[in-house]
Amino acid sequence: MYIIVGLGNPGKQYEKTRHNVGYSCVDAIAKENGIAVLECKHKALIGKGYIDGEKVILVKPLTYMNLSGESVREVIDYYKVDETTNLIIIYDDISLEAGALRIRKKGSAGGHNGIKNIISCLGHDTFKRIKVGVGEKPKGYDLADYVLGHFSKEEQKIMEESVLKVSQAVKMLIKEEVDAAMNRFN
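Residues numbered from 1 in each chain as written. Predicted model: local features only at pLDDT ≥ 70, side-chain atom pairs only at ≥ 80, totals over all residues. Heavy atoms only, no water.

### Considering the overall build of the protein chain
Piece 1. Counting its secondary structure elements, the protein chain contains seven helices and seven strands.
Piece 2. On C-alpha atoms alone, the protein chain measures out to a radius of gyration of 15 Å, which is about the 16 Å that the 2.2 N^0.38 rule sets for 186 residues.
Piece 3. Projected onto the principal axes, the alpha-carbon positions of the protein chain cover approximately 45 × 30 × 30 Å.
Piece 4. By residue count, 53% of the 186 residues in the protein chain fall in the buried class.
Piece 5. Partitioning the intrachain contacts of the protein chain with sequence separation of at least 6 by distance along the chain shows that 68% fall at a separation of at least 24.
Piece 6. When the accessible surface of the protein chain is totalled, it reaches about 8,900 Å², and 50% of it is carbon and sulfur. (Helix = DSSP H or I, 4+ residues; strand = E, 2+ residues; numbered from the N terminus. Rg over C-alpha atoms; globule rule 2.2 N^0.38 Å. Buried < 20%, exposed > 50% of the residue type's maximum accessible area, 1.4 Å probe, protein only. Contact = heavy atoms within 4.5 Å. Areas by Shrake-Rupley, 256 points an atom, 1.4 Å probe, with all protein chains shown as cover.)

### A short note on helix H1 (residues 21–33)
Piece 1. The end-to-end C-alpha distance of H1, which contains 13 residues, comes to 18 Å, matching closely the 18 Å that a straight helix rising 1.5 Å per residue would cover.
Piece 2. Among the residues of H1, those classed as buried are Val 21, Gly 22, Tyr 23, Ser 24, Cys 25, Val 26, Ala 28, Ile 29 and Ala 30.
Piece 3. The elements touched by buried residues of H1 are strand S1 (2–6), strand S3 (44–51), strand S4 (54–61), strand S5 (87–93), strand S7 (128–133) and helix H6 (153–174).
Piece 4. With its phi angle positive at about 65°, Gly 34 sits one or two positions after the end of H1. (Expected span 1.5 Å × (residues − 1).)

### A short note on the pattern of salt bridges
Piece 1. Here the structure, examined in full by the defined rule, presents 13 salt bridges.
Piece 2. Glu 32 serves as the salt-bridge partner of Lys 171, at 2.8 Å between the closest nitrogen and oxygen. Pair noted here: Lys 171 is in helix H6 and Glu 32 is in helix H1, with a separation of 139 residues, a long-range link.
Piece 3. Residue classification places Glu 32 among the partly exposed positions, given a relative accessible area of 41%.
Piece 4. Between Asp 52 and Lys 175 there is a salt bridge, with its nearest N and O atoms 3.6 Å apart. (Salt bridge = Lys/Arg side-chain N within 4 Å of Asp/Glu carboxyl O.)

### A few points about the environment of Ile 130
Piece 1. Inspection of the secondary structure assignment puts Ile 130 in strand S7.
Piece 2. Measuring from C-alpha to C-alpha, the distance between Ile 130 and Lys 171 comes to 12 Å, with 41 residues separating the pair along the chain.
Piece 3. If sequence neighbours within four positions are ignored, Ile 130 has contacts with Ile 88, Ile 89, Ile 90, Tyr 91, Leu 101, Arg 102, Ile 103, Val 166, Ala 169, Val 170 and Leu 173.

### Some remarks on the sheet that holds S1
Across a sheet, strands are paired by hydrogen bonds formed along the backbone, either parallel or antiparallel in direction.
Piece 1. Judged by pairing direction, the sheet is mixed, and its seven strands sit side by side in the order S2-S3-S4-S1-S5-S7-S6 without closing on themselves. Both outer strands of the open sheet, strand S2 (39–41) and strand S6 (101–104), are each paired with one neighbouring strand and no more. Ignoring which end each strand starts from, the neighbouring axes of this sheet average 25° apart.
Piece 2. Direction of pairing for S6 relative to S7: antiparallel, over a ladder of four bridges. Bridge pairing in S7 places Ile 103 opposite Ile 130.
Piece 3. Contacting S1, S3, S4, S5, S6 and S7, H6 runs over the sheet at an angle of about 170° to S7.
Piece 4. Taken strand by strand, helix H7 (residues 178–185) contacts S6 and S7, and its axis lies near 160° from that of S6. (Pairing = 2+ DSSP bridges. Axes fitted to C-alpha atoms, helices over the stretch in contact; angles between N-to-C directions.)

### Some details on the pairing of S3
Piece 1. Relative to S3, S2 runs antiparallel, the two being bridged by three bridges. Following the sheet pairing, Lys 41 is matched in S3 by Ala 44.
Piece 2. Of the pairings in the sheet, the one linking S3 to S4 comprises eight bridges and is antiparallel in character. Counted as the bridge partner of Ala 44 is Pro 61 from S4.
Piece 3. The turn linking S3 back onto S4 is made up of two residues, and Asp 52 within it adopts a positive phi angle of 50°.

Structure follows, in structure tokens:
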């Protein structure tokens, strides 16, 4: 069983923002695989289903980004999965150009508060992650305003393609093709 978590913030005002790209990816994965992510449990919206024959739990934490680890910890403990092998976190990254992907097996938070909280709650940084580029903050912009802002029309098209790539990357990670996924998508 795999736990696939898309980071974001709950609420209409945050839909389709840069910081909610993890939610968007989980929504696309759910749609593609016929999984309803509607059950409110473990401080999250969750959905249970299968991807290529592997049981998965799709998770959208409702704790707001900076406390995502609370929800992730509850889900991991409840389903008793090994987070070092069977957890995939999907989130936004401002150090990557819009639409670019980076897959990693472990690593620091890189300044991302949601990942920082997950690392704190898990007690380590060894878990699979897919970083989705949302573009660098323009000079003079406030970081919070930028990540909570919406994509331009051009960026929206790029991000739609990127979300589909994330779904393909998740399938490879579930098949334990981590290195192949890194070579293909990084």
